[in-house]
Amino acid sequence: MLTIEAKLAKSFLDRLLGLISPNNPRTMFFETRFGLHTFFLEQPIDILVLDFEHKVKVLKHSLSPNHFFFYPPAYKYVLELPEGYIKDNHVKLDDKINLCLT
């Protein structure tokens with residue numbers, strides 16, 4: 001089981017800006033459905049989409065800036081991570097993630 005520390009995007013601004021905001025850490029946790037965007041980001045990011053048990057259901061390596069990313073709306077938990085996190089930590093589908101949210 002992999003443990004990830006992330007900021008919970010609970011305010012409107014956190015959800016709107018995510019990693020765009022310089023005040024946010026490089027790892028963000030969102031409760032949202034359907035998709036996200038990387039507009040205004042300066043570098044690619046990795047994305048993990050989790051089910052209600054925090055198992056990885058969708059992986060996206062190096063999502064480039066200025067793109068949309070859509071995933072099945074059955075899932076609502078999303079982690080935005082620094083580029084390379086998935087590869088460096090050998091994350092794969094159905095891995096269980098232990099979240100430490102701030």
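Cut-offs and rules
- The residue numbers shown here count from 1 along each chain, following its written sequence.
- Local features are withheld for residues below a pLDDT of 70 in this predicted model, meaning they are given only at 70 or higher, and side-chain atom pairs are given and counted only at 80 or more; totals for whole chains, interfaces and linings count all residues.
- Hydrogens are left out, water is left out, and the side-chain values use all remaining heavy atoms of the structure.
- Only DSSP runs of H or I covering at least 4 residues are called helices, and only runs of E covering at least 2 are called strands; the numbering of each starts at the N terminus.
- A simple rule labels every residue: compare its accessible area, found with a 1.4 Å probe on the protein chains alone, to the largest value its type can have, and call it buried under 20%, exposed over 50%, or partly exposed in between.
- Exposure was quantified through the Shrake-Rupley algorithm and a 1.4 Å probe, taking into account, for residues, occlusion by the shown protein chains and nothing else.
- Residue contacts are counted whenever heavy atoms from the two residues lie within 4.5 Å of one another.
- N or O atoms closer than or at 3.5 Å make up a polar contact, with two conditions inside protein: a donor-capable atom paired with an acceptor-capable one, and, for residues adjacent in sequence, both atoms drawn from side chains.
- What we call a nonpolar core is a set of buried Ala, Val, Leu, Ile, Met, Phe, Trp, Tyr and Cys residues that are connected through their side-chain atoms within 4.5 Å.
- Only strands joined by at least two bridges in the DSSP assignment are considered to pair.
- Between N-to-C directions, angles span 0 to 180 degrees; the directions come from axes that are lines fitted to C-alpha atoms, helices contributing only their stretch in contact.

S.K.: Now, about the overall build of the protein: what can you tell me, with residues and values included?
M.R.: The helix and strand tally for the protein stands at two helices and eight strands. Counting from the amino terminus, the protein carries its helices and strands in the arrangement β-α-β-β-β-β-β-β-α-β. Counting all 102 residues of the protein, 37% fall into the buried class. Within the structure as shown, the protein displays about 6000 Å² of accessible surface, and the carbon and sulfur contribution to it stands at 56%.

S.K.: Tell me about the environment of Thr3, and please be specific about residues and values.
M.R.: In this structure, Thr3 sits in strand 1 (residues 2-8). With a relative accessible area of 43%, Thr3 lands in the partly exposed category. The spatial distance from the C-alpha of Thr3 to the C-alpha of Asn98 is 4.5 Å, given a sequence separation of 95 residues. Among all residues touching Thr3, those that are not within four sequence positions of it are Tyr85, Asn98 and Cys100. Side-chain polar atoms of Thr3 contact the side chain of Asn98, separated by 3.2 Å.

S.K.: Kindly report on the nonpolar core, identifying the contributing residues and their values.
M.R.: Counting 14 residues, the largest nonpolar core has Ile4, Phe29, Leu48, Leu50, Leu79, Ile97 and Leu99 as the members making the most contacts within it. The set of elements that each furnish at least two residues to this core consists of strand 1, strand 4 (45-50), strand 7 (77-82), helix 2 (85-88) and strand 8 (97-101). It is strand 7 that provides the largest number of residues to this core, a total of three residues. Discounting chain neighbours no more than four positions away, the residues touching Phe29 are Ala6, Lys7, Leu8, Ala9, Leu50, His54, Tyr77, Val78, Leu79, Leu99 and Leu101. Listed in part, the 13 residues of the second largest apolar core include Ala9, Ile45, Tyr71 and Val78.

S.K.: Just give me the short version of the sheet that holds strand 8, but keep the residues and values in it.
M.R.: Ordered in space as 5-4-7-2-1-8, the six strands form an open sheet in which the pairing is mixed. A strand with exactly one partner marks an edge of an open sheet, and here the two such strands are strand 5 (56-63) and strand 8. Neighbour to neighbour, the strand axes of the sheet diverge by 30° on average, direction disregarded. As paired elements, strand 4 and strand 7 share six bridges and run antiparallel to each other. Bridging from a neighbouring strand, Ile47 pairs with Glu80 of strand 7.

S.K.: Describe the side chain of Thr38, listing the residues and the values that go with them.
M.R.: Relative to the helices and strands, Thr38 is located in the loop between strand 3 (35-37) and strand 4. Taking the relative accessible area as the measure of exposure, Thr38 reaches 1% and is therefore buried. Looking at Thr38, its side chain comes within polar contact range of the main-chain oxygen of Ser64, at 2.6 Å. Dropping the residues within four chain positions of it, Thr38 is found in contact with Ile45, Leu63, Ser64, Pro65, Asn66 and His67.

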